[in-house]
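Topology and contacts: notes
This is what each chain is made of:
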2 protein chains.
Amino acid sequence: MGVVERREREKERKRNTMLDAAESILMDRGLEHLSMDDVAEKAEVSKGSLYLYFQNKNDLVLGICYRATHLLNESFRKVLDSNLSGLSLVRELGETYLHYVKNHPQYYSSMKFLDNLHSTREGTDSEYLQLCTQNRQEGFRLMVEAIQRGMDDGSIKQELPAEQLALLFWSTSHGVVTISYMHQNYEHFKLLDRIGMKEEDMFDAYMHILSHGFAQQTHES
Amino acid sequence: MGVVERREREKERKRNTMLDAAESILMDRGLEHLSMDDVAEKAEVSKGSLYLYFQNKNDLVLGICYRATHLLNESFRKVLDSNLSGLSLVRELGETYLHYVKNHPQYYSSMKFLDNLHSTREGTDSEYLQLCTQNRQEGFRLMVEAIQRGMDDGSIKQELPAEQLALLFWSTSHGVVTISYMHQNYEHFKLLDRIGMKEEDMFDAYMHILSHGFAQQTHES
DNA sequence: TCAATAAATGACCGGTAGTCATTTTATGAC
DNA sequence: GTCATAAAATGACTACCGGTCATTTATTGA
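Residues numbered from 1 in each chain as written. Chains lettered and ligands numbered in written order. Predicted model: local features only at pLDDT ≥ 70, side-chain atom pairs only at ≥ 80, totals over all residues. Heavy atoms only, no water.

Digging into the protein's contact with DNA strand C
The test is simple: Near residues are defined by distance, with any heavy atom within 4 Å of the molecule or strand qualifying the residue. Distance and chemistry together define a polar contact, namely a pair of N or O atoms within 3.5 Å, with one atom able to donate a hydrogen and the other to accept it when in protein, and with adjacent residues in sequence counting only for side-chain atoms on both sides. Only DSSP runs of H or I reaching four residues or more are called helices, and only runs of E reaching two or more are called strands; each is numbered from the N terminus. Polar here means any residue other than Ala, Val, Leu, Ile, Met, Phe, Trp, Tyr, Cys and Pro, which are nonpolar, and Asp, Glu, Lys and Arg, which are charged; Gly is therefore polar.
In the neighbourhood of DNA strand C, 18 residues make up the surrounding shell, with Met36(A), Lys47(A), Lys57(A), Lys14(B) and Tyr53(B) lying closest. Considering the 4 Å shell around the protein, atoms of DNA strand C inside it are sugar or phosphate in 59% of instances. Within the backbone of Met36(A), an N or O atom sits 2.8 Å from a phosphate oxygen of DNA strand C. Tyr51(A) is positioned with one of its side-chain polar atoms (N or O) 3.2 Å from a phosphate oxygen of DNA strand C. Elements supplying a minimum of two residues to the surface near DNA strand C: helix H1 (2–29) and helix H3 (47–53) of chain A together with helix H1 (2–29) and helix H3 (47–53) of chain B. Per-element accounting of the surface near DNA strand C gives the leading share, 4 residues, to H3(B). In terms of residue class, the surface near DNA strand C is made up of 7 nonpolar, 5 polar and 6 charged.

If you want it as structure tokens, here you go:
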């Protein structure tokens with residue numbers, strides 16, 4: 001009776017111990033130097049045990065990615081708690097995303113890993129893939145909500161459905177954040193320096209362009 | 001005398017043969033299933049020979065990436081040849097990028113590989129890394145040129161330096177193109193479908209937002 | 001013809017993801 | 001407590017892959 005339950009709890013606890021070990025290695029050495037042998041050693045279990053709790057390495061990394069996406073969503077939710085205008089909320093979400101990448105680059109790398117998971121074949125049966133996808137959907141939903149609020153309070157145009165505008169904000173901010181990540185983490189990426197743009201200014205400029213456009217207004221507008 | 005020259009030409013020819021083999025495997029099986037053994041077999045040389053012509057696997061992939069960036073730049077140059085307004089040129093560049101990703105997804109994956117090359121350590125001494133970086137700079141330069149033309153002909157606002165605006169267009173279009181790539185190539189990526197947006201419409205919406213902004217204009221504007 | 005040099009080879013190494021036969025541990029009936 | 005059964009854990013092993021290097025083969029020019 002209670003035995004099965006206790007076993008289940010214990011299993012979850014062990015799973016988290018393993019994830020802790022994996023995360024610790026990720027933070028120290030980066031995703032590309034994360035090996036299953038090292039995780040097993042760090043978690044003080046055998047390699048075989050690792051595969052009792054995770055289907056494969058993908059699954060393990062997605063386990064970390066689940067934590068990563070969850071943390072990002074929590075930050076997003078805090079933004080949505082405020083009473084700012086919808087437009088300001090959108091800006092805050094973007095800045096939150098940017099800060100997240102700056103403060104948790106290794107978590108972000110696990111999200112890039114999720115983005116690069118190719119065919120469904122590679123991880124179809126991973127529960128964590130489902131959870132990560134759910135988290136990403138939730139993050140997107142929060143963006144939609146911010147935009148919808150902006151449309152309601154009159155700070156954002158209603159030319160497009162909120163979902164579609166959210167997709168554009170999502171994807172474009174993804175691009176900007178990627179540039180920022182590369183600037184932070186890749187020593188050979190010097191584009192910002194070359195054009196004499198500071199990282200902080202980039203986001204301001206991005207939000208300005210996204211808010212007001214870069215096309216010269218024609219008179220009949 | 002002529003012997004050294006001939007040797008040099010012959011060496012270049014062989015290098016290209018190996019790149020052809022690698023590219024063929026890339027197109028057939030994708031970057032993640034590209035092994036040096038297979039390339040050697042396909043190119044009908046020994047594995048050791050491969051390492052006489054390329055420093056390591058990174059170098060080889062960057063060799064393909066060089067071709068990839070070169071091809072993209074050629075497409076960009078064709079756009080710049082036209083007499084469209086600067087604003088239209090920018091749109092055309094974006095559409096060109098989008099079509100490129102759709103038509104050459106494996107080339108694009110090699111460019112993603114370039115983007116993900118971490119420290120300088122991993123490929124500092126690769127000639128191809130230099131060449132790829134040069135190509136990317138050239139692509140960026142073409143974007144700057146289009147925007148500069150738009151500022152000159154009055155179709156694009158002059159609020160920001162052309163280079164900075166180009167960076168924003170570069171990064172945001174990168175984000176949009178990434179979404180498109182995922183929609184095309186990852187079966188588990190269903191975001192576009194879920195919000196009922198067609199891929200073709202996404203780019204139009206993107207250019208519209210980027211041109212005119214999504215913020216409701218205030219009256220004192 | 002013959003050194004000397006350049007080019008090519010493939011057996012081999014180290015590391016890593018993943019497997020599985022075997023061992024160890026936990027459980028519950030008696 | 002004993003024991004049979006089932007669950008959990010183990011680590012030696014395989015397959016594969018990137019990269020190396022001592023050896024072999026081909027080329028050159030005297």
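Now that the structure is up, let's keep going.
Observations concerning the protein's contact with DNA strand D
Taken together, 18 residues form the shell around DNA strand D, and within it Lys14(A), Tyr53(A), Met36(B), Lys47(B) and Lys57(B) come nearest. Here, DNA strand D places atoms within 4 Å of the protein, and 61% of those atoms are sugar or phosphate. Tyr51(B) places a polar side-chain atom, nitrogen or oxygen, 3.1 Å from a phosphate oxygen of DNA strand D. Lys57(B) is positioned with one of its side-chain polar atoms (N or O) 2.7 Å from a phosphate oxygen of DNA strand D. Secondary-structure elements contributing two or more residues to the surface near DNA strand D are H1 and H3 of chain A together with H1 and H3 of chain B.

So, the relation of the copies chain B and chain A
Which entries qualify depends on this criterion: Only residues with pLDDT of at least 70 in both copies contribute their C-alpha atoms to the least-squares superposition of the copies. In this description, contact between two residues means that some pair of their heavy atoms is separated by no more than 4.5 Å.
In screw terms, the move from chain B to chain A is a rotation of 180° and a rise of 0.0 Å along the axis, fitting with an RMSD of 0.1 Å. Here the copies are linked by what is in effect a two-fold axis. Take the interface residues of chain B: 100% of them recur as interface residues in chain A, which is what a same-surface contact looks like.

Considering helix H4 (residues 57–80) of chain B
Put simply, the rule reads: Helix span, expected: 1.5 Å multiplied by one less than the number of residues in the helix.
With 24 residues, H4(B) ought to run about 34 Å at 1.5 Å a step, and its terminal C-alpha atoms sit 35 Å apart, in line with that. With a side-chain oxygen lying 3.2 Å from the backbone nitrogen of Asn58(B), the N-terminal cap of H4(B) falls on Asn56(B).

Here's the deal with the pattern of salt bridges
For side chains bearing opposite charge, pairing can occur when the charged atoms are close. All names here are of chain A. As a reminder of what qualifies: Here, a salt bridge means any side-chain nitrogen of Lys or Arg that lies within 4 Å of a carboxyl oxygen of Asp or Glu. Buried, partly exposed and exposed residues are distinguished by accessible area as a fraction of the type maximum, computed with a 1.4 Å probe on protein chains only: under 20%, between the cut-offs, and over 50%, respectively.
Under the counting rule described, the total for this entry stands at 30 salt bridges over all chains. For arginine 29, the salt bridge identified is with aspartate 38, shortest N-O distance 3.1 Å. Since its relative accessible area comes to 44%, arginine 29 is described here as partly exposed. Between arginine 77 and glutamate 138 there is a salt bridge, and its shortest N-O distance comes to 3.2 Å. In this pair, arginine 77 sits in helix H4 (residues 57–80) while glutamate 138 sits in helix H7 (residues 127–153), placing the two residues 61 residues apart along the sequence. Since its relative accessible area comes to 33%, arginine 77 is described here as partly exposed. Look at glutamate 138 and you get partly exposed, because its relative accessible area is 22%. Each of Arg77, Glu138, Arg141, Glu145 and Arg149 takes part in one network of salt bridges that share partners.

Section: unusual backbone geometry
Phi at Glu44(A) takes a positive value of approximately 55°, unusual for a residue other than glycine. Glu44(A) gets classed as exposed once you look at its relative accessible area, which sits at 72%.

Some remarks on the state of the cysteines
We count it as follows: By disulfide we mean two sulfur atoms from cysteines, separated by a distance within 2.5 Å.
All told, the structure shown has 0 disulfides over all chains when counted by the stated rule. Left unpaired, Cys132(A) is separated from the closest cysteine sulfur, that of Cys65(A), by 3.7 Å.

Concerning the packing of H4(A) against H7(A)
A packed helix pair is summarised by two numbers, namely the angle formed by the two axes and the spacing between the axes. All names here are of chain A. Operational definition: Angles run from 0 to 180 degrees between N-to-C directions of axes, and those axes are lines fitted to C-alpha atoms, restricted for helices to the stretch in contact. The labels follow the angle: roughly parallel below 35 degrees, roughly antiparallel above 145, roughly perpendicular from 65 to 115, and oblique for the rest. A clockwise turn of the near helix away from the far one marks a right-handed crossing, whereas an anticlockwise turn of less than a right angle marks a left-handed crossing.
Where H4 meets H7, the axes come as close as 8 Å, and the angle between the chain directions of the two elements is 20°. Here H4 is positioned roughly parallel relative to H7, judged by the angle of their axes. Regarding H4 and H7, the two cross each other, and that crossing is left-handed. Looking at the contact of H4 with H7 residue by residue, the classes come out as 12 nonpolar, 6 polar and 6 charged.

A few points about the interface of chain B and chain A
As a reminder of what qualifies: A quick way to say it: buried area is the sum, across both parts, of accessible area lost when two parts are put together, with a 1.4 Å probe.
With 61 residues of chain B at the contact, the number on the chain A side is 62 residues. At the boundary of chain B with chain A, total buried surface from both sides reaches about 5,500 Å², with 64% on carbon and sulfur atoms. Among the residues of chain B in contact with chain A, Lys157(B), His188(B) and Phe214(B) are the three that bury the most area, contributing 14% of the side total. Between the two partners, chain B and chain A, sit 0 salt bridges. Where chain B meets chain A, there are 18 residue pairs in polar contact (both at pLDDT 80 or more).

Comments concerning the packing of aromatic side chains
Residue and element names in this part refer to chain A. As a reminder of what qualifies: Stacked, tilted and edge-to-face are the three classes applied to pairs of Phe, Tyr and Trp rings, where Trp contributes its six-membered ring and a pair requires centres within 6.5 Å; stacked means planes under 30 degrees apart, edge-to-face means over 60, and tilted covers the rest.
Evaluation of the coordinates by the stated rule reveals 16 aromatic pairs over all chains. Between phenylalanine 54 and tyrosine 128, the aromatic rings sit 6.0 Å apart at their centres with planes inclined by 20°, giving stacked as the arrangement. Of this pair, phenylalanine 54 sits in the loop between H3 and H4 while tyrosine 128 sits in helix H7; the two residues are 74 residues apart in sequence, bridging distant segments of the chain. Tyrosine 128 matches phenylalanine 54 in its accessibility class, with the two residues each being buried. Three or more aromatic residues link up through ring pairs in this structure, and these residues are Tyr97, Tyr108, Tyr181 and Tyr186.

Focus on the domain arrangement of chain A
Residue and element names in this part refer to chain A. What counts here: Domain start and stop points were drawn from an automatic or database domain assignment.
Taken domain by domain, chain A comprises domain 1 (1–54) and domain 2 (56–212). Centre-to-centre, using C-alpha coordinates, domain 1 lies 28 Å away from domain 2. Across the contact, 15 residues belong to domain 1 and 14 residues belong to domain 2. Taken over both partners, the interface formed by domain 1 and domain 2 buries close to 1,500 Å², and the fraction arising from carbon and sulfur atoms is 66%.

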